[in-house]
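For reference, the chains in residue letters:
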Amino acid sequence: MDVIPVSLAGRSYDVMIERGCVLESFAASAGDYLTSYRTTGQTEARKVPIVADTNTHRIFKTAIEQSLDSNGFCADWFVVEPGEGAKSWAVLEQLTDWLLELGITRSDNVIALGGGVVGDLTGFACAVLKRGCGFVQIPTTLLAQVDSSVGGKTAINTRAGKNLIGAFHQPVAVLIDPLVLDTLPDREMRAGYAEVIKYGLLGDAAFFNWLAENGTDVLAREPSTLAHAIATSIRAKAAIVAEDERETTGVRALLNLGHTFGHALEAETGFSDRLLHGEAVATGMVLAAHYSARRGELSQSDAERARQAIAAAGLPAELAKLGITCSGTALADHMRHDKKMEGGTLPFLLLKSIGQAYLARDVELSDIAEFLDAQLVKQ
Ligand code: GLY
(Lines give C-alpha, C1' and ligand atoms only; values in the text may rest on other atoms or scores of the structure.)
Protein backbone atom coordinates (compact mmCIF):
# COMPACT_ATOMS: atom_id res chain seq x y z
CA MET A 1 0.00 0.00 0.00
CA ASP A 2 1.26 3.47 -0.91
CA VAL A 3 0.36 5.91 1.86
CA ILE A 4 0.53 9.62 1.13
CA PRO A 5 -0.01 11.92 4.12
CA VAL A 6 -1.88 15.18 3.73
CA SER A 7 -0.31 17.22 6.54
CA LEU A 8 -2.60 19.85 8.01
CA ALA A 9 -2.54 21.17 11.55
CA GLY A 10 -5.09 19.15 13.48
CA ARG A 11 -6.68 17.70 10.35
CA SER A 12 -3.97 15.48 8.86
CA TYR A 13 -5.03 12.33 7.08
CA ASP A 14 -3.70 9.65 4.77
CA VAL A 15 -4.44 8.89 1.16
CA MET A 16 -4.03 5.13 0.77
CA ILE A 17 -3.51 3.63 -2.66
CA GLU A 18 -3.71 -0.11 -3.17
CA ARG A 19 -4.95 -2.18 -6.05
CA GLY A 20 -7.99 -4.17 -4.91
CA CYS A 21 -8.40 -2.34 -1.59
CA VAL A 22 -12.05 -1.52 -2.34
CA LEU A 23 -13.10 -4.24 -4.76
CA GLU A 24 -11.35 -7.11 -2.98
CA SER A 25 -10.89 -6.22 0.70
CA PHE A 26 -13.05 -3.22 1.54
CA ALA A 27 -13.72 -3.95 5.21
CA ALA A 28 -10.07 -4.68 5.96
CA SER A 29 -8.81 -1.61 4.07
CA ALA A 30 -11.36 0.79 5.51
CA GLY A 31 -11.44 -0.99 8.86
CA ASP A 32 -9.85 1.71 10.99
CA TYR A 33 -12.38 4.25 9.72
CA LEU A 34 -15.55 2.18 9.87
CA THR A 35 -17.56 3.64 12.67
CA SER A 36 -20.97 2.08 12.97
CA TYR A 37 -24.12 3.51 14.39
CA ARG A 38 -26.84 1.57 16.19
CA THR A 39 -30.38 2.46 15.26
CA THR A 40 -32.70 3.09 18.19
CA GLY A 41 -33.64 -0.13 19.97
CA GLN A 42 -31.07 -2.24 18.15
CA THR A 43 -28.18 -3.75 19.99
CA GLU A 44 -26.48 -5.78 17.29
CA ALA A 45 -26.60 -3.47 14.30
CA ARG A 46 -23.20 -2.44 13.03
CA LYS A 47 -24.29 -0.46 10.00
CA VAL A 48 -22.00 1.62 7.83
CA PRO A 49 -23.58 4.62 6.07
CA ILE A 50 -22.49 4.75 2.42
CA VAL A 51 -23.44 7.42 -0.12
CA ALA A 52 -23.24 6.28 -3.75
CA ASP A 53 -24.83 7.03 -7.09
CA THR A 54 -26.89 4.47 -8.98
CA ASN A 55 -23.83 3.46 -11.04
CA THR A 56 -21.38 2.99 -8.17
CA HIS A 57 -24.12 1.31 -6.12
CA ARG A 58 -24.75 -1.18 -8.94
CA ILE A 59 -21.06 -1.84 -9.61
CA PHE A 60 -19.71 -2.07 -6.05
CA LYS A 61 -22.71 -3.19 -3.95
CA THR A 62 -21.98 -6.91 -3.97
CA ALA A 63 -18.25 -6.65 -3.30
CA ILE A 64 -18.69 -4.13 -0.51
CA GLU A 65 -21.63 -5.87 1.15
CA GLN A 66 -19.88 -9.24 1.09
CA SER A 67 -16.76 -7.73 2.61
CA LEU A 68 -18.70 -5.86 5.30
CA ASP A 69 -20.95 -8.84 6.10
CA SER A 70 -18.00 -11.16 6.65
CA ASN A 71 -16.50 -8.62 9.05
CA GLY A 72 -19.61 -8.13 11.16
CA PHE A 73 -20.84 -4.92 9.51
CA CYS A 74 -23.62 -4.20 7.10
CA ALA A 75 -24.03 -1.42 4.57
CA ASP A 76 -26.77 1.20 4.73
CA TRP A 77 -27.02 2.98 1.38
CA PHE A 78 -28.10 6.46 0.32
CA VAL A 79 -28.18 6.38 -3.47
CA VAL A 80 -28.42 9.47 -5.69
CA GLU A 81 -28.88 9.87 -9.44
CA PRO A 82 -25.58 10.27 -11.31
CA GLY A 83 -24.67 13.77 -12.47
CA GLU A 84 -24.39 17.32 -11.17
CA GLY A 85 -28.13 17.39 -10.34
CA ALA A 86 -27.34 15.57 -7.09
CA LYS A 87 -25.30 18.54 -5.86
CA SER A 88 -28.49 20.42 -5.01
CA TRP A 89 -30.19 21.86 -1.92
CA ALA A 90 -32.96 19.26 -2.33
CA VAL A 91 -30.63 16.25 -2.30
CA LEU A 92 -28.52 17.81 0.47
CA GLU A 93 -31.66 18.11 2.59
CA GLN A 94 -32.61 14.47 1.94
CA LEU A 95 -29.10 13.29 2.74
CA THR A 96 -28.72 15.29 5.95
CA ASP A 97 -32.22 14.22 7.07
CA TRP A 98 -31.23 10.61 6.44
CA LEU A 99 -27.99 10.98 8.40
CA LEU A 100 -29.85 12.63 11.29
CA GLU A 101 -32.46 9.88 11.32
CA LEU A 102 -29.66 7.32 11.51
CA GLY A 103 -28.34 9.15 14.56
CA ILE A 104 -24.92 9.83 13.05
CA THR A 105 -22.72 11.54 15.62
CA ARG A 106 -19.77 13.86 15.14
CA SER A 107 -17.37 10.97 15.69
CA ASP A 108 -18.96 8.78 13.00
CA ASN A 109 -17.64 8.52 9.45
CA VAL A 110 -19.84 8.50 6.37
CA ILE A 111 -18.45 6.77 3.27
CA ALA A 112 -18.55 8.67 -0.04
CA LEU A 113 -18.32 6.08 -2.83
CA GLY A 114 -18.27 7.66 -6.27
CA GLY A 115 -16.89 10.43 -8.43
CA GLY A 116 -16.62 14.12 -7.69
CA VAL A 117 -20.37 14.63 -7.38
CA VAL A 118 -20.81 12.06 -4.61
CA GLY A 119 -17.63 13.26 -2.86
CA ASP A 120 -18.59 16.94 -2.99
CA LEU A 121 -22.19 16.34 -1.86
CA THR A 122 -21.27 13.92 0.94
CA GLY A 123 -18.38 16.07 2.09
CA PHE A 124 -20.59 19.14 2.32
CA ALA A 125 -23.35 17.23 4.13
CA CYS A 126 -20.72 16.02 6.63
CA ALA A 127 -19.32 19.55 6.99
CA VAL A 128 -22.67 20.88 8.18
CA LEU A 129 -24.09 17.83 9.96
CA LYS A 130 -23.94 18.69 13.67
CA ARG A 131 -21.27 21.25 12.63
CA GLY A 132 -19.08 18.52 11.24
CA CYS A 133 -18.85 14.75 11.22
CA GLY A 134 -16.25 12.54 9.59
CA PHE A 135 -16.26 11.14 6.09
CA VAL A 136 -14.09 8.82 4.06
CA GLN A 137 -13.55 9.50 0.39
CA ILE A 138 -13.56 6.44 -1.87
CA PRO A 139 -13.18 7.95 -5.33
CA THR A 140 -14.19 5.75 -8.25
CA THR A 141 -13.16 7.93 -11.20
CA LEU A 142 -9.62 8.92 -12.17
CA LEU A 143 -10.58 12.59 -11.85
CA ALA A 144 -11.82 12.12 -8.31
CA GLN A 145 -8.82 9.96 -7.39
CA VAL A 146 -6.21 12.48 -8.49
CA ASP A 147 -8.06 15.68 -7.67
CA SER A 148 -11.44 16.16 -6.04
CA SER A 149 -11.21 13.55 -3.26
CA VAL A 150 -8.06 15.12 -1.81
CA GLY A 151 -7.93 18.57 -0.23
CA GLY A 152 -11.30 19.06 1.43
CA LYS A 153 -13.18 21.18 -1.08
CA THR A 154 -16.86 20.29 -0.76
CA ALA A 155 -19.86 22.00 -2.35
CA ILE A 156 -23.24 21.94 -3.97
CA ASN A 157 -24.51 23.93 -6.97
CA THR A 158 -27.24 26.59 -7.00
CA ARG A 159 -29.09 28.57 -9.67
CA ALA A 160 -26.30 31.15 -9.46
CA GLY A 161 -23.60 28.67 -10.44
CA LYS A 162 -21.47 25.62 -9.74
CA ASN A 163 -19.88 24.99 -6.32
CA LEU A 164 -20.96 28.37 -4.96
CA ILE A 165 -22.23 26.93 -1.66
CA GLY A 166 -19.61 24.87 0.08
CA ALA A 167 -17.05 24.43 2.80
CA PHE A 168 -13.51 23.26 3.33
CA HIS A 169 -13.99 20.00 5.19
CA GLN A 170 -11.20 17.47 5.09
CA PRO A 171 -11.99 13.74 4.95
CA VAL A 172 -10.59 11.47 7.68
CA ALA A 173 -9.06 9.26 4.98
CA VAL A 174 -9.03 8.70 1.23
CA LEU A 175 -8.97 5.12 -0.04
CA ILE A 176 -7.95 4.63 -3.65
CA ASP A 177 -8.31 1.40 -5.57
CA PRO A 178 -6.89 1.78 -9.12
CA LEU A 179 -8.64 -1.50 -10.02
CA VAL A 180 -12.03 0.26 -9.95
CA LEU A 181 -10.94 2.25 -13.02
CA ASP A 182 -11.14 -0.92 -15.13
CA THR A 183 -14.90 -0.33 -15.45
CA LEU A 184 -14.64 3.43 -16.04
CA PRO A 185 -15.68 4.49 -19.58
CA ASP A 186 -12.68 5.50 -21.71
CA ARG A 187 -14.00 9.02 -22.17
CA GLU A 188 -14.10 9.56 -18.39
CA MET A 189 -10.66 8.02 -18.06
CA ARG A 190 -9.28 10.56 -20.53
CA ALA A 191 -11.12 13.39 -18.77
CA GLY A 192 -9.45 12.42 -15.48
CA TYR A 193 -6.10 12.12 -17.26
CA ALA A 194 -6.33 15.82 -18.13
CA GLU A 195 -5.92 16.56 -14.40
CA VAL A 196 -2.89 14.22 -14.32
CA ILE A 197 -1.24 16.18 -17.15
CA LYS A 198 -2.09 19.31 -15.16
CA TYR A 199 0.29 18.32 -12.35
CA GLY A 200 3.12 17.94 -14.87
CA LEU A 201 2.38 21.25 -16.53
CA LEU A 202 1.98 23.26 -13.34
CA GLY A 203 4.97 22.06 -11.35
CA ASP A 204 6.79 18.94 -12.53
CA ALA A 205 8.45 18.92 -15.96
CA ALA A 206 9.97 15.48 -15.33
CA PHE A 207 6.48 14.05 -14.71
CA PHE A 208 5.21 15.79 -17.85
CA ASN A 209 8.01 14.09 -19.82
CA TRP A 210 7.28 10.75 -18.15
CA LEU A 211 3.63 11.07 -19.19
CA ALA A 212 4.70 11.73 -22.79
CA GLU A 213 6.41 8.31 -22.71
CA ASN A 214 3.88 6.42 -20.61
CA GLY A 215 0.53 8.15 -21.07
CA THR A 216 -0.82 5.47 -23.41
CA ASP A 217 -0.15 2.80 -20.76
CA VAL A 218 -1.77 4.95 -18.06
CA LEU A 219 -4.89 5.34 -20.19
CA ALA A 220 -4.86 1.59 -20.89
CA ARG A 221 -4.86 1.06 -17.07
CA GLU A 222 -1.53 -0.78 -17.08
CA PRO A 223 -1.24 -1.37 -13.29
CA SER A 224 2.25 -0.07 -12.49
CA THR A 225 2.18 3.04 -14.71
CA LEU A 226 -1.36 3.84 -13.58
CA ALA A 227 -0.36 3.53 -9.91
CA HIS A 228 2.66 5.78 -10.50
CA ALA A 229 0.56 8.43 -12.27
CA ILE A 230 -2.04 8.44 -9.49
CA ALA A 231 0.51 8.54 -6.67
CA THR A 232 2.60 11.29 -8.29
CA SER A 233 -0.50 13.40 -8.87
CA ILE A 234 -1.69 12.96 -5.29
CA ARG A 235 1.76 13.72 -3.85
CA ALA A 236 1.73 16.99 -5.81
CA LYS A 237 -1.75 17.86 -4.63
CA ALA A 238 -1.03 16.90 -1.00
CA ALA A 239 2.03 19.19 -0.95
CA ILE A 240 0.05 22.11 -2.38
CA VAL A 241 -2.89 21.61 -0.01
CA ALA A 242 -0.54 21.33 2.98
CA GLU A 243 0.95 24.70 2.02
CA ASP A 244 -2.28 26.57 1.30
CA GLU A 245 -5.31 24.61 2.52
CA ARG A 246 -7.82 27.42 1.99
CA GLU A 247 -6.44 28.89 -1.22
CA THR A 248 -5.40 32.15 0.37
CA THR A 249 -1.73 32.50 -0.60
CA GLY A 250 -1.90 31.76 -4.32
CA VAL A 251 -0.22 28.33 -3.98
CA ARG A 252 -3.41 26.24 -4.11
CA ALA A 253 -4.65 28.45 -6.94
CA LEU A 254 -2.01 26.70 -9.12
CA LEU A 255 -4.39 23.74 -9.17
CA ASN A 256 -6.77 25.89 -11.20
CA LEU A 257 -4.52 25.79 -14.27
CA GLY A 258 -6.83 25.54 -17.29
CA HIS A 259 -9.90 25.92 -15.08
CA THR A 260 -10.84 29.55 -15.80
CA PHE A 261 -10.92 28.97 -19.55
CA GLY A 262 -12.42 25.54 -18.90
CA HIS A 263 -15.17 26.89 -16.69
CA ALA A 264 -16.22 29.34 -19.42
CA LEU A 265 -16.36 26.46 -21.92
CA GLU A 266 -18.43 24.36 -19.52
CA ALA A 267 -20.80 27.26 -18.92
CA GLU A 268 -21.17 27.83 -22.67
CA THR A 269 -21.95 24.13 -23.23
CA GLY A 270 -24.42 24.05 -20.33
CA PHE A 271 -22.28 21.96 -17.92
CA SER A 272 -23.43 18.98 -19.94
CA ASP A 273 -22.04 15.77 -21.39
CA ARG A 274 -21.18 17.80 -24.48
CA LEU A 275 -17.97 18.73 -22.67
CA LEU A 276 -16.92 16.92 -19.50
CA HIS A 277 -15.14 18.92 -16.81
CA GLY A 278 -11.79 17.24 -17.54
CA GLU A 279 -12.20 17.87 -21.26
CA ALA A 280 -12.91 21.54 -20.61
CA VAL A 281 -9.82 21.73 -18.38
CA ALA A 282 -7.78 20.05 -21.14
CA THR A 283 -8.77 22.67 -23.72
CA GLY A 284 -8.37 25.32 -21.01
CA MET A 285 -4.76 24.27 -20.39
CA VAL A 286 -3.96 24.51 -24.11
CA LEU A 287 -5.52 27.98 -24.13
CA ALA A 288 -3.55 28.98 -21.02
CA ALA A 289 -0.35 27.80 -22.70
CA HIS A 290 -1.04 29.67 -25.94
CA TYR A 291 -2.14 32.78 -24.08
CA SER A 292 1.10 32.63 -22.06
CA ALA A 293 3.02 32.40 -25.36
CA ARG A 294 1.08 35.38 -26.73
CA ARG A 295 2.23 37.37 -23.69
CA GLY A 296 5.79 36.31 -24.48
CA GLU A 297 6.12 34.40 -21.20
CA LEU A 298 6.17 30.86 -22.60
CA SER A 299 8.06 29.71 -25.69
CA GLN A 300 5.94 28.75 -28.70
CA SER A 301 7.58 25.34 -28.65
CA ASP A 302 6.52 24.71 -25.02
CA ALA A 303 2.97 25.86 -25.83
CA GLU A 304 2.98 23.39 -28.71
CA ARG A 305 4.28 20.59 -26.43
CA ALA A 306 1.40 21.28 -24.05
CA ARG A 307 -1.07 21.11 -26.95
CA GLN A 308 0.45 17.88 -28.24
CA ALA A 309 0.23 16.21 -24.82
CA ILE A 310 -3.48 16.98 -24.65
CA ALA A 311 -4.12 15.91 -28.26
CA ALA A 312 -2.09 12.70 -27.85
CA ALA A 313 -4.37 11.68 -24.98
CA GLY A 314 -7.42 11.99 -27.24
CA LEU A 315 -8.54 15.12 -25.39
CA PRO A 316 -9.91 18.23 -27.15
CA ALA A 317 -6.92 20.45 -27.87
CA GLU A 318 -8.45 22.92 -30.35
CA LEU A 319 -11.05 25.45 -29.29
CA ALA A 320 -12.15 25.87 -32.92
CA LYS A 321 -13.11 22.18 -33.06
CA LEU A 322 -15.45 22.21 -30.07
CA GLY A 323 -18.42 23.40 -32.12
CA ILE A 324 -18.83 26.51 -29.97
CA THR A 325 -20.50 29.28 -31.97
CA CYS A 326 -20.34 32.21 -29.51
CA SER A 327 -17.77 35.02 -29.55
CA GLY A 328 -14.66 35.39 -27.41
CA THR A 329 -16.45 38.18 -25.57
CA ALA A 330 -19.28 35.83 -24.63
CA LEU A 331 -16.77 33.31 -23.27
CA ALA A 332 -14.96 36.05 -21.33
CA ASP A 333 -18.33 37.15 -19.93
CA HIS A 334 -18.77 33.71 -18.35
CA MET A 335 -15.49 34.35 -16.52
CA ARG A 336 -16.91 37.47 -14.86
CA HIS A 337 -19.07 35.17 -12.73
CA ASP A 338 -16.07 33.10 -11.65
CA LYS A 339 -15.86 32.84 -7.85
CA LYS A 340 -12.17 33.70 -8.08
CA MET A 341 -13.02 37.26 -9.24
CA GLU A 342 -11.32 39.72 -6.88
CA GLY A 343 -12.45 43.33 -6.94
CA GLY A 344 -13.14 43.43 -10.66
CA THR A 345 -10.10 41.42 -11.81
CA LEU A 346 -9.69 37.72 -12.36
CA PRO A 347 -6.40 36.07 -11.40
CA PHE A 348 -5.29 33.79 -14.26
CA LEU A 349 -3.09 30.72 -14.12
CA LEU A 350 -0.46 30.97 -16.83
CA LEU A 351 2.80 29.19 -17.69
CA LYS A 352 6.42 30.34 -17.73
CA SER A 353 7.64 26.93 -18.85
CA ILE A 354 6.47 23.33 -18.80
CA GLY A 355 6.46 22.63 -15.07
CA GLN A 356 6.19 26.25 -13.94
CA ALA A 357 2.75 27.81 -13.58
CA TYR A 358 2.17 31.18 -11.99
CA LEU A 359 -0.75 33.38 -11.03
CA ALA A 360 -1.06 36.48 -13.22
CA ARG A 361 -3.07 39.32 -11.72
CA ASP A 362 -2.77 41.75 -14.62
CA VAL A 363 -4.90 39.99 -17.22
CA GLU A 364 -7.60 42.09 -18.88
CA LEU A 365 -10.73 40.17 -19.83
CA SER A 366 -10.93 42.27 -23.03
CA ASP A 367 -7.52 40.88 -24.05
CA ILE A 368 -8.72 37.35 -23.24
CA ALA A 369 -11.81 37.95 -25.43
CA GLU A 370 -9.62 39.08 -28.34
CA PHE A 371 -7.34 36.05 -27.91
CA LEU A 372 -10.33 33.70 -27.79
CA ASP A 373 -11.83 35.23 -30.95
CA ALA A 374 -8.63 34.34 -32.79
CA GLN A 375 -8.62 30.79 -31.33
CA LEU A 376 -12.27 30.23 -32.26
CA VAL A 377 -11.53 30.60 -35.97
CA LYS A 378 -8.08 28.95 -35.99
CA GLN A 379 -7.71 26.13 -38.56
N1 GLY B 1 -9.53 21.10 -7.61
C2 GLY B 1 -8.80 22.21 -7.17
C3 GLY B 1 -8.50 22.19 -5.72
O4 GLY B 1 -8.72 21.19 -5.08
O5 GLY B 1 -8.06 23.18 -5.19
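Located above this text is the structure these notes cover.
This write-up is about the structure you can find in this document.

Quick notes on the rules
Residues numbered from 1 in each chain as written. Predicted model: local features only at pLDDT ≥ 70, side-chain atom pairs only at ≥ 80, totals over all residues. Heavy atoms only, no water. Core = buried A, V, L, I, M, F, W, Y, C linked by side-chain atoms within 4.5 Å. Buried < 20%, exposed > 50% of the residue type's maximum accessible area, 1.4 Å probe, protein only. Helix = DSSP H or I, 4+ residues; strand = E, 2+ residues; numbered from the N terminus. Contact = heavy atoms within 4.5 Å. Near = heavy atom within 4 Å. Polar contact = N/O pair within 3.5 Å; in protein donor to acceptor, adjacent residues only side chain to side chain. Nonpolar A, V, L, I, M, F, W, Y, C, P; charged D, E, K, R; others polar. Expected span 1.5 Å × (residues − 1). Arc of directions from axis to C-beta. Pairing = 2+ DSSP bridges.

**Comments concerning the nonpolar core**
- In terms of nonpolar packing, the biggest core is built from 105 residues, with Val15, Leu68 and Phe261 touching the most fellow members.
- In terms of residue count, helix α10 (residues 277-294) provides more of this core than any other element does, 10 residues in total.
- When neighbours within four sequence positions are excluded, Phe261 is seen to be in contact with Gly284, Leu287, Ala288, Tyr291, Met335, Phe348, Ile368, Phe371 and Leu372.
- Ranked by size, the runner-up nonpolar core spans 24 residues in total, among them Trp98, Leu102, Val110 and Ala112.

**Looking at the site of the ligand**
- Lining the immediate surroundings of the ligand are Asp147, Lys153, Lys237, Arg252 and Leu255.
- Between a nitrogen atom of the ligand and a side-chain N or O atom of Asp147, the distance comes to 3.0 Å.
- At 2.5 Å, a side-chain N or O of Lys237 approaches an oxygen atom of the ligand.
- Split into classes, the residues belonging to the shell around the ligand amount to one nonpolar, no polar and four charged.

**Considering the environment of Val251**
- Relative to the helices and strands, Val251 is located in the loop between α8 (223-243) and α9 (259-268).
- Spatially, the C-alpha atoms of Val251 and Ile240 are 6.4 Å apart, while their sequence positions differ by 11 residues.
- For Val251, the residues in contact, after removing those within four places along its chain, are Ile240, Glu243 and Asp244.

**Observations regarding the environment of Val110**
- Among the secondary structure elements, Val110 is positioned in strand β5 (residues 109-114).
- Considered as a pair, Val110 and Pro171 are 61 residues apart in the sequence and their alpha carbons are 9.5 Å apart.
- Val110 has contacts with Pro49, Val51, Leu99, Ile104, Thr122, Cys126, Cys133, Gly134, Phe135 and Val136, leaving out every residue within four places of it along the chain.

**Some remarks on helix α13 (residues 365-376)**
- Its 12 residues place the ends of α13 16 Å apart at the C-alpha level, agreeing with the 16 Å of an ideal helix rising 1.5 Å per residue.
- For α13, the complete set of buried residues consists of Leu365, Ile368, Ala369, Phe371, Leu372, Gln375 and Leu376. The arc that holds every buried residue of α13, seen down its axis, measures 165 degrees, which confines them to one face. In α13, the exposed positions angled more than 90 degrees off the buried face are occupied by Ser366 and Glu370.

**Looking at the pairing of strand β6 (residues 134-139)**
- Among the six residues in β6, six count as buried, and that is most of the element.
- Residues of β6 alternate between two faces, with Gly134, Val136 and Ile138 on one and Phe135, Gln137 and Pro139 on the opposite face, all of them buried.
- Note: β5 against β6, six bridges, orientation parallel. Looking across to β6, one finds that Leu113 is bridged to Ile138.
- Across two bridges, β6 lies against strand β9 (residues 173-176) in parallel orientation. Bridge pairing links Gln137 to Val174 in β9.

That is the geometry; function is a separate question.
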